Amino acid sequence: MKPILQNLVEMTGQRDHLRLEVSVLSTLQKLSNIVEVRALELFTIDGVMHLRPRTWKGPQDWVSTDMEPSKDPQQQPLENLPELAACVRGHESHVIASPRRGYHVLWLPVWMHDKVSTCLEISQKRPFSVHRLEVITGIFNVYQNYQSLLDYSERDALTDLYNRKTFDEQFSRQSYSSASDNTPHKAEQWLAVIDIDHFKQVNDRFGHLYGDEVLILVANVLRSSFRSNDRIFRFGGEEFVVLLRSISLEETRNALNRFREAVQVYPFPQVGQVTVSIGFVNATHGAPVEILGQADQALYYAKEHGRNQVCFYDDLIASGDLVVQIAHDDVEFF
């Protein structure tokens with residue numbers, strides 16, 4: 001039991017969801033007779049639940065993919081694993097299956113906010129004994145409880161989107177990764193800053209209760225407008241940020257405009273019509289403060305020139321509507 005306790009101590013010392021996931025998989029892999037452990041990601045394509053491997057043990061170390069789930073060649077409909085599909089539909093804690101002779105699989109869905117987006121898969125050659133199942137579920141419950149605590153600390157209390165602190169951590173890590181990636185054709189990343197137009201007037205006219213409802217509903221539209229591997233944050237007040245990954249400029253522009261139009265036609269109770277202004281920038285190159293500053297400049301231009309529009313920083317520079325700010329030691333003054 002001592003190695004397991006040491007692994008649990010290490011696991012609860014993590015402050016990042018991916019590292020926590022790798023830590024629990026590593027802990028489970030060290031149990032005797034385990035053949036393979038993986039983390040599966042569950043997601044929806046055209047209303048149909050799918051899954052794909054997200055983290056697994058490679059030849060040298062643990063491997064995690066950040067590929068767009070719908071484009072992953074390993075993705076498959078959840079119904080291809082009928083026992084797991086029935087487990088998810090029944091909101092059950094686990095299920096065991098034997099897909100072939102001498103091979104036994106235990107699936108443990110990770111339930112958060114009454115939804116499941118992750119499932120741990122543990123395979124071994126022997127049937128799962130009662131004692132083995134108790135040990136595994138004990139480790140899993142510690143992991144799931146800590147996952148919930150970590151998720152709570154990363155979320156905005158009102159909208160349940162990621163908060164500003166989480167953005168700072170994730171964006172700094174992503175920027176460092178992009179800067180060290182010398183791949184000739186690496187995927188583009190984009191940062192969009194979104195601001196609700198005339199939000200102060202909503203609060204002044206209808207009260208903060210309706211203002212909070214507008215924020216919650218805009219957050220819901222954000223969630224439904226972007227992909228599962230995009231990241232959405234509430235910066236505070238009426239400002240939101242979206243990090244879009246592995247997508248072209250044209251696709252980014254279209255996605256942001258679709259979101260803007262979805263907000264424009266949304267029937268906000270009592271308030272009526274609400275619009276948003278958006279500024280975005282390529283987030284692949286540059287320091288985080290520089291990238292965020294450029295997106296902010298594009299946003300301010302959108303708000304000062306009619307609102308309810310999407311502005312791309314590079315377009316504004318090329319047209320002469322904005323000028324490049326002089327930077328000193330990675331800090332921009334503007």
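Cut-offs used in this document
- Numbering of residues starts from 1 in every chain and runs along the sequence as written.
- Given that the model is predicted, a residue must reach a pLDDT of at least 70 before its local features are reported, and side-chain atom pairs must reach 80 or more before they are shown or counted; all residues, however, enter totals for whole chains, interfaces and linings.
- Side-chain descriptors were evaluated using all non-hydrogen atoms of the structure, hydrogens and water having been removed beforehand.
- For cavity detection a 1 Å grid was placed over the protein atoms alone, and a set of points counts as a cavity when a 1.4 Å probe fits there but cannot get out; an open set counts as a pocket when protein lies on both sides within 12 Å along at least five of seven lines, with lining residues being those that have an atom within 4 Å of a point.
- Grid points are joined across faces, edges and corners, and a volume is the space filled by probe spheres set on the points.
- Polarity classes work like this: nonpolar for Ala, Val, Leu, Ile, Met, Phe, Trp, Tyr, Cys and Pro, charged for Asp, Glu, Lys and Arg, and polar for all others, with Gly in that last group.
- As a rule, the C-alpha atoms of each element are fitted with a line to give its axis, helices using only the stretch in contact, and angles between N-to-C directions run from 0 to 180 degrees.
- The numbering of helices and of strands both runs from the N terminus, where a helix is a DSSP run of H or I of at least 4 residues and a strand a run of E of at least 2.
- When an angle is under 35 degrees it counts as roughly parallel; over 145 it counts as roughly antiparallel; between 65 and 115 it counts as roughly perpendicular; any other value is oblique.
- Here, two residues are considered to be in contact whenever any of their heavy atoms come within 4.5 Å of each other.
- To sort residues, take the accessible area from a 1.4 Å probe on protein chains only and compare it with the maximum for the residue type: under 20% means buried, over 50% means exposed, and anything in between is partly exposed.
- Here a polar contact is taken to be a pair of N or O atoms separated by no more than 3.5 Å, where protein atoms must pair a possible hydrogen donor with a possible acceptor and residues adjacent in sequence count only if both atoms sit in side chains.
- What fixes the domain bounds is an automatic or database domain assignment.
- By definition, the buried area sums, over both parts, the 1.4 Å-probe accessible area that each loses when the two are put together.
- Whenever a carboxyl oxygen of Asp or Glu lies within 4 Å of a side-chain nitrogen of Lys or Arg, that contact is scored as a salt bridge.
- Buried Ala, Val, Leu, Ile, Met, Phe, Trp, Tyr and Cys residues form a nonpolar core when they are joined through side-chain atoms within 4.5 Å.
- At least two DSSP bridges between two strands are required for those strands to pair.

Looking at the layout of surface pockets
Thinking step 1. Its boundaries defined by the atoms lining it, the second largest pocket holds a volume of some 190 Å³.
Thinking step 2. In terms of lining, the second largest pocket is formed by Asp197, His198, Gln201, Val202, Arg205, Phe206, Val271, Gln273, Val274 and Thr275.
Thinking step 3. In the lining of the second largest pocket, the residues fall into four nonpolar, four polar and two charged.

Considerations on the packing of helix α2 (residues 17-29) against helix α4 (residues 130-154)
Thinking step 1. As a packed pair, α2 and α4 sit with axes 11 Å apart at the nearest point and diverge in direction by 175°. Here α2 lies roughly antiparallel to α4, going by the angle between them. Judged by residue contacts, His17, Leu20, Glu21, Val24, Thr27 and Leu28 of α2 engage Ile136, Ile139, Tyr143, Tyr146, Gln147, Leu150, Asp151 and Glu154 from α4.
Thinking step 2. Grouping the amino acids of the contact of α2 with α4 by side-chain chemistry returns eight nonpolar, three polar and three charged.

Concerning the environment of Ser153
Thinking step 1. By secondary structure assignment, the location of Ser153 is in helix α4.
Thinking step 2. Overall, Ser153 belongs to the partly exposed group, its relative accessible area being 37%.
Thinking step 3. Considered as a pair, Ser153 and Tyr210 are 57 residues apart in the sequence and their alpha carbons are 26 Å apart.
Thinking step 4. A polar atom in the side chain of Ser153 sits 2.8 Å from the backbone oxygen of Leu150.

Section: the domain arrangement of the protein chain
Thinking step 1. Per the domain assignment, the segments of the protein chain are domain 1 (2-153) and domain 2 (164-318).
Thinking step 2. Contact residues are listed per partner, giving six residues for domain 1 and five residues for domain 2.
Thinking step 3. In total, about 590 Å² of surface goes out of reach between domain 1 and domain 2, with carbon and sulfur atoms giving 28% of it.
Thinking step 4. It is Asp16, Asp66 and Glu68 that lose the most area in domain 1 upon contact with domain 2, and together they represent 56% of the buried surface on that side.
Thinking step 5. Between Glu68 and Arg227 there is a salt bridge, and its shortest N-O distance comes to 3.6 Å.
Thinking step 6. On inspection of domain 1 and its partner domain 2, the count reaches one residue pair in polar contact (both at pLDDT 80 or more).
Thinking step 7. Of the residues contributing to the side of domain 1 that touches domain 2, the split by class is two nonpolar, no polar and four charged.

Quick word on the nonpolar core
Thinking step 1. With 33 residues, the main nonpolar core has Ile196, Val214, Leu222, Phe226 and Phe259 as its most contacted residues.
Thinking step 2. At the level of elements, β8 (189-196), α6 (199-206), α7 (208-225), β10 (239-245), α8 (249-264), β11 (276-282) and β12 (310-312) are the ones that each hand at least two residues to this core.
Thinking step 3. The element that contributes the greatest number of residues to this core is α7, accounting for seven residues.
Thinking step 4. In terms of nonpolar packing, the next biggest core, distinct from the first, is built from 27 residues, Leu8, Leu20, Trp62 and Leu106 among them.

Focus on the pairing of strand β2 (residues 48-57)
Thinking step 1. Where strand β1 (residues 34-45) meets β2, eight bridges bridge the pair, whose relative direction is antiparallel. By the bridge assignment for β2, Phe43 is matched with His50.
Thinking step 2. Counting the residues between successive antiparallel strands, the hairpin from β1 to β2 contains two residues, one of them, Asp46, with a positive phi of roughly 50°.
Thinking step 3. Alignment of β2 against strand β4 (residues 76-77), held across two bridges, turns out to be antiparallel. When the bridges of β4 are listed, His50 appears paired with Pro77.
Thinking step 4. The hairpin turn running from β2 into strand β3 (residues 62-64), its antiparallel successor, is four residues long.

Some details on the side chain of Asn282
Thinking step 1. Summarising the element assignment, Asn282 is placed in strand β11.
Thinking step 2. One polar contact links Asn282 to Glu188, side chain to side chain, over a distance of 2.8 Å.

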